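Single-letter residue listing:
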Amino acid sequence: MAPSTPLLTVRGSEGLYMVNGPPHFTESALFPRESGKNCKVYTFSKDGTLFAWGNGEKINVINVTNKGLLHSFDLPKAVCLEFSPKNTILATWQPYTTSKDGTAGIPNLQLYDVKTGTCLKSFIQKKMQNWCPSWSEDESICARNVNNEVHFFENNNFNTIANKLHLQKINDFVLSPGPQPYKVAVYVPGSKGAPSFVRLYQYPNFDGPHAALANKSFFKADKVTMLWNKKATAVLVIASTDVDKTGASYYGEQTLHYIAANGESAVVQLPKNGPIYDVVWNSSSTEFCAVYGFMPAKATIFNLKCDPVFDFGTGPRNAAYYSPHGHILVLAGFGNLRGQMEVWDVKNYKLISKPVASDSTYFAWCPDGEHILTATCAPRLRVNNGYKIWHYTGSVLHKYDVPSNGELWQVSWQPFLDGIFPVKTITYQAVRSDVPSEEPKVATAYRPPALRNKPVTNSKLHEEEPPQNMKPQAGNDKPLSKTALKNQRKHEAKKAAKQEARNEKSPDLAPTPAPQSTPRNTVSQSTSGDPEIDKKIKNLKKKLKAIEQLKEQAAAGKQLEKNQVIFMCFMYACSHYHSSPFHYKQLFNQVGERINLRIILKTYGIYLVKYFYTETEKHRGRYDVDHDE
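Worth saying up front: this structure is predicted, and the values here are computed from it rather than measured. (Residues numbered from 1 in each chain as written. Predicted model: local features only at pLDDT ≥ 70, side-chain atom pairs only at ≥ 80, totals over all residues. Heavy atoms only, no water.)

Caption draft 1: Representation of unusual backbone geometry in the model. Along the chain, Pro 22 connects to Pro 23 via a cis peptide bond; the corresponding omega equals 10°. Turning to its location among the elements, Pro 23 is positioned in the loop between β2 (15-19) and β3 (41-44). Residue Pro 296 is reached from Met 295 by a cis peptide bond, and omega for that bond is 0°. Here Pro 296 lies in the loop between β24 (287-292) and β25 (297-303). With a phi angle near 60°, Phe 25 is a residue other than glycine that sits in the positive phi range. As for its position among the elements, Phe 25 is in the loop between β2 and β3. Accessibility expressed as a relative area gives 15% for Phe 25, which makes it buried. (Helix = DSSP H or I, 4+ residues; strand = E, 2+ residues; numbered from the N terminus. Buried < 20%, exposed > 50% of the residue type's maximum accessible area, 1.4 Å probe, protein only.)

Caption draft 2: Structural detail: the side chain of Asn 108. With respect to the element layout, Asn 108 can be found in the loop between β8 (89-93) and β9 (109-113). Each residue touching Asn 108, except ones within four places of it in the same chain, is listed here: Thr 92, Trp 93, Gln 94, Pro 95, Tyr 96, Phe 123, Ile 124 and Gln 125. (Contact = heavy atoms within 4.5 Å.)

Caption draft 3: Spatial organisation of the sheet that holds strand β4 (residues 50-54). Ordered in space as β3-β4-β5-β6, the four strands form an open sheet in which the pairing is antiparallel. Only two strands of the sheet have a single partner each, and these edge strands are β3 and β6 (68-73). For this sheet, the mean angle separating the axes of adjacent strands, direction not counted, is 15°. Sheet analysis places β3 next to β4, joined by four bridges and oriented antiparallel. The partner of Phe 44 across the bridge, within β4, is Phe 51. (Pairing = 2+ DSSP bridges. Axes fitted to C-alpha atoms, helices over the stretch in contact; angles between N-to-C directions.)

Caption draft 4: Spotlight on the sheet that holds strand β12 (residues 141-146). In spatial order, the strands read β11-β12-β13-β14; together these four strands make up an open sheet with antiparallel pairing. Sheet topology places β11 (134-135) and β14 (163-166) at the edges, where each strand pairs with a single neighbour. Of the strand pairs in this sheet, strand β13 (residues 149-154) and β14 are connected by four bridges, and their pairing is antiparallel. Within β14, the position partnered with Glu 149 by the bridge is His 166.

Structural data, given as structure tokens:
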């Protein structure tokens, strides 16, 4: 039986060794350190009792509890190892090679009996992708993808193919977890205008037109990722294209589909456009979390009806991790983001802590559901390698930094079966830690010298959206869709605009203007309530201002252009016909012409003649213009 405290396995330039888990964090005596840089791979069994590793010469298998060496296999080139669920089979893979004369190479996928150490079967597996066979939890069936077919073996008898699932060009398959009856999801890419599709089957019912439990087809898919929930009742399919034809994203285009084993299927509607970074099921199999959208990304929890339950708002994140018990969710931004983590209580939708793990390339929950492992590993990053052990409340309990001339290649927890560690009550108070806290350095924006002694203005490139509970309230059937919310906002905006216009036109509500002496040539600054009239008033103000500027230029003795004089005469006559001390004859002589007022009106505003002509005629004598010509 595995120890009560999970071990931590570390592989790097300092060798391969194990560290005791919390709260001690000392090097474990259960596994003697394997020095050197030749260790390429290691793996635990599903229950954590067996451990296998390769040292560049052999593959060794030990029992962790009694430190006994079980077997040693002469496989110096092996780079992949995997145990079957019940520790019966050890699968090994090494790169496939052919001879110089072009003849076929030797089988590179071996299946060993862990109990006896004998090789049960060898296969040729050219690609490293999906190299390992898939077993059911009780190992009653095992499946491999071979030449567009899925071959099924029963009871680890690899000499006889028990069943075949044949579809044209099967690209990938995923066997369901959990007990019988077993299900399998297969993906077939589209070709010649036909759509891609994912189908669910129940083993061994593969024949007949109605054998599939569910089917979902889609056109935009170059590759897919299929995720079964723990109870094997539904599959989430992330369909991705290599190129986004709209040009909106460099990383292609992704869509999220939901397929249930009872035949139901749907497209999960994501409120924000952009890539889908991560999708993860809760261990309860009743909800899932998706991280999506252009940065700052959104994170939303959906139920089995694909309706949003809780929206975490926007933030710098690209990954989601449920705790083993499913009661805590971590939203994190790793890779090219600065490593901010948000730890949430998903039962009460309450934020627990918000630590920052800078430069992290790896994240893993401890099987006890309390501790978190973050690491910076090579070759993703070759500087500042090391790992940290956190408590979910944000405290760093242990930290190890690799020396500057060393590298950390891999680190992971020892796995445990479900139910070994009980669920504990969530605490919001940070636990005590002996590791000194390091406040992350916040990079400030560049400020030019002229602004460095002035107050800082808070300006944001993106408006952050706060978390929001999307569960339907009492009396509501379900939350509104994206289109319905948009239409509702438009309707409310129209209603508010109408109410505002009604208030402005009401004499009881309109403010009474204060009596004041208004200079000639000015227009009241108050609005009329009619956008068209306000626009005309604004244009008239601009023209009056232009006239004043022309008058000042003429008084200063500047030679005006002909069109400037005509424009000024017309506008001045229109707006100042009642009192005009200004003599236009002097201006007309500057351009060498005497212009009839009617010609001015006809040329520069025939639409205003009816309004201004009558009043102008009444005061014809006021203008020093010869109208008899």
